[in-house]
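So the chains spell out like this:
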Amino acid sequence: MNRNYDNFLNLTMDTRIRECRDGWYAFEDTVFYGEKGGALADRGTINGREVLELRWEGDTLWHRVEGELSDPARLEVDRLTRWNNTAVQSAFHMLDGYYGRLGLRIVAIGVHPENQWYELDTKELPPGHLEEVQSFLDRQILDDFPVELSYVKGADYPDPKYQGYDEVRIVKFADVDTQPCGTPHVSRTGQILSFTVLGSERSGRGTKIYTAVGPAAEARLREADQVFLCRSGETLYRIPKKKILYFTSDRRQITCVAANRTYVFYSKLDEVERDVGDGFVRVHQRYLVQTSAVDRMEGSQVFVESQGIPVSRACRPAVLAALARSALEG
């Protein structure tokens, strides 16, 4: 077990090459972490050369760079990447404990900074559940309590699947969660910085809950103001809002007509209207239009790139007001 990972901000090291094999390097010691245990791989440089790839062979981490390396080797891990990877790992550990007390289980996770989520083994969540999760993580971050690390001999650990290891590292988040884990973790819960629940959807195995965690949260939340997210099957689309012309619904099938293509997904137009935010107006029970995309309004229709879209009598006052605002704002 590499104890350099005990301090997730231990990011630099001078070491020597132990072995070189077809452009891959193993060192006498390393501060880099390769993808394993649900955590993504680090990024960084060795002697100023970008690390292109990391891979494990047993307990040995191999590093690939472009070009040749020589001793001494200066290893430098990218701080933001490590912090992003560590924050989400620690947050999801605490959620393991939270859901365990509810009799639920996290069956899968996504930890990429641009697509962070976890999947529960139930399709039925109680009302207000997402708000409760948000409140729970907010408290843990604000309390800023220390994360405790300890080591035991693998032979002494009660779970047989860990007994083949020389030692097992135990990660303890106060009374919230305790479990074995070898990945980097924050030293205090306040270092997670931010946790935001973005939404949820039913999945094949239960429910996926989308989040923005750690330093990545600011970028994700900023992106949420600029793009509309929708999912068709296993594909998640990020549609720039400025390119959307209008949405139309046929029962639960939604068609998003954008400047460059059309997207089809399943939802309710009321939910789309809520999620897409300002700049759109409901012109009909079946149509939601971007006001800045409207060329003109004639009678009971608005025209978007020569396409006539019906305006219902009930929606007409709101449409007129929205178009007037759009014209004033330029």
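Shown above is the structure to which this text applies.
Residues numbered from 1 in each chain as written. Predicted model: local features only at pLDDT ≥ 70, side-chain atom pairs only at ≥ 80, totals over all residues. Heavy atoms only, no water.

Direction vectors running N to C along helix 1 (residues 79–101) and helix 2 (residues 129–143) enclose 120 degrees, while the axes themselves pass 11 Å from each other. What the angle tells us is that helix 1 and helix 2 run oblique. Remark: the crossing between helix 1 and helix 2 carries right-handed chirality. Contacts from Ala91, Met94, Leu95, Tyr98 and Tyr99 of helix 1 reach helix 2 at His129, Glu132, Val133, Phe136, Leu137 and Gln140. Considering only residue class, the contact of helix 1 with helix 2 consists of eight nonpolar, two polar and one charged. (Axes fitted to C-alpha atoms, helices over the stretch in contact; angles between N-to-C directions. Helix = DSSP H or I, 4+ residues; strand = E, 2+ residues; numbered from the N terminus. Parallel < 35°, antiparallel > 145°, perpendicular 65-115°, else oblique. Left-handed = near helix turned anticlockwise from the far one by under 90°. Contact = heavy atoms within 4.5 Å. Nonpolar A, V, L, I, M, F, W, Y, C, P; charged D, E, K, R; others polar.)

The end-to-end C-alpha separation of helix 2 is 21 Å, in line with the 21 Å expected for 15 residues at 1.5 Å each. Taken together, the buried positions of helix 2 are His129, Val133, Gln134, Phe136, Leu137, Gln140 and Ile141. With its buried residues spanning 160 degrees around the axis, helix 2 presents them on a single face. Turned more than 90 degrees away from the buried face of helix 2, the exposed residues are Glu131, Leu142 and Asp143. (Expected span 1.5 Å × (residues − 1). Buried < 20%, exposed > 50% of the residue type's maximum accessible area, 1.4 Å probe, protein only. Arc of directions from axis to C-beta.)

To continue, consider the side chain of serine 249. Position of serine 249 relative to the elements: it lies in strand 17 (residues 244–250). For serine 249, a relative accessible area of 9% translates into the label buried. Once residues within four sequence positions are removed from consideration, serine 249 is found in contact with Ile254, Leu269, Gln285 and Arg286.

The strands making up a sheet associate through hydrogen bonds between their backbones, and the pairing can be parallel or antiparallel. Strand order in this open sheet of four strands is 8-9-14-13, and the pairing throughout is antiparallel. Each having just a single partner strand, strand 8 (106–112) and strand 13 (195–202) make up the two edges of the open sheet. Going from strand to strand, the sheet's axes swing by 20 degrees on average, the running direction of each strand aside. The sheet contact formed by strand 9 (residues 115–120) and strand 14 (residues 207–213) spans five bridges and is antiparallel. Its bridge partner being in strand 14, tryptophan 117 is matched across the sheet by tyrosine 210. (Pairing = 2+ DSSP bridges.)

Let us now look at the sheet that holds strand 10 (residues 148–153). If you trace the three strands from one edge of the open sheet to the other, you get 10-11-12, paired in antiparallel fashion. Each edge of the sheet is formed by a strand with only one pairing partner; in this case those strands are strand 10 and strand 12 (177–180). Strand-to-strand twist of the sheet, defined as the mean angle between neighbouring strand axes without regard to direction, takes the value 20 degrees. Pairing of strand 11 (residues 167–173) with strand 12 involves four bridges; the strand directions are antiparallel. Following the sheet pairing, lysine 172 is matched in strand 12 by threonine 178. This element, helix 1, spans strand 11 and strand 12 of the sheet and lies at about 110 degrees to strand 12.

This next bit is on the environment of glutamate 119. Residue placement: glutamate 119 occurs in strand 9. Separated by 89 residues in the primary sequence, glutamate 119 and lysine 208 have C-alpha atoms spaced 4.3 Å apart. Not counting chain neighbours up to four residues away, the residues in contact with glutamate 119 comprise Arg105, Ile106, Val107, Ala108, Ser203, Gly204, Arg205, Gly206, Thr207 and Lys208. Side chain to side chain, glutamate 119 and arginine 205 meet in a polar contact 2.9 Å long. (Polar contact = N/O pair within 3.5 Å; in protein donor to acceptor, adjacent residues only side chain to side chain.)

If you look at the biggest cluster of nonpolar residues, it comprises 30 residues, and the most contacted ones within it are Met94, Leu95, Tyr99, Tyr118, Val133, Ile192 and Phe195. Of all the elements in the fold, those that place two or more residues in this core are helix 1, strand 8, strand 9, helix 2, strand 11, strand 13 and strand 14. With nine residues, helix 1 is the largest single contributor of residues to this core. Contact partners of tyrosine 118, with chain neighbours within four places excluded, come to Phe92, Leu95, Tyr99, Ile106, Ala108, Ile109, Val133, Thr207, Lys208, Ile209 and Thr211. (Core = buried A, V, L, I, M, F, W, Y, C linked by side-chain atoms within 4.5 Å.)

This part is about the pairing of strand 11. Along strand 11, five of the seven residues are buried, which leaves the element largely enclosed by surrounding structure. Bridging between strand 10 and strand 11 involves six bridges; their strand directions are antiparallel. Note on strand 11: the bridge partner recorded for tyrosine 151 is arginine 169. Taken together, strand 11 and the strand that follows it, strand 12, pair antiparallel across an intervening segment of three residues, in which alanine 174 is found at a positive phi of about 45 degrees.

A separate point is the pairing of strand 5 (residues 49–57). Looking at chain direction, strand 4 (residues 44–46) and strand 5 are connected through two bridges and run antiparallel. Residue threonine 45 lies in a different strand from strand 5, and its bridge partner there is glutamate 50. When strand 5 meets strand 6 (residues 60–65), the two strands line up antiparallel, connected through six bridges. Of the residues in strand 6, the one forming a bridge with arginine 55 is tryptophan 62. From the end of strand 5 to the start of strand 6, which pair antiparallel, there are two residues, and glycine 58 there has a positive phi angle of about 65 degrees.

What follows is about helix 4 (residues 269–276). Of all the positions in helix 4, only Leu269, Val272 and Val276 are classed as buried. Axial view of helix 4: buried residues confined to an arc of 55 degrees, hence all on one face. Across from the buried face of helix 4, at angles greater than 90 degrees, the exposed residues are Asp270 and Arg274. The inward-facing, buried residues of helix 4 abut strand 15 (227–232), strand 17, strand 18 (253–258), strand 19 (262–266), strand 20 (280–284) and strand 21 (287–290). A positive backbone phi angle near 80 degrees is found at glycine 277, which sits one or two residues after helix 4.

Everything listed here is a matter of geometry and, on its own, says nothing about what the molecule does.
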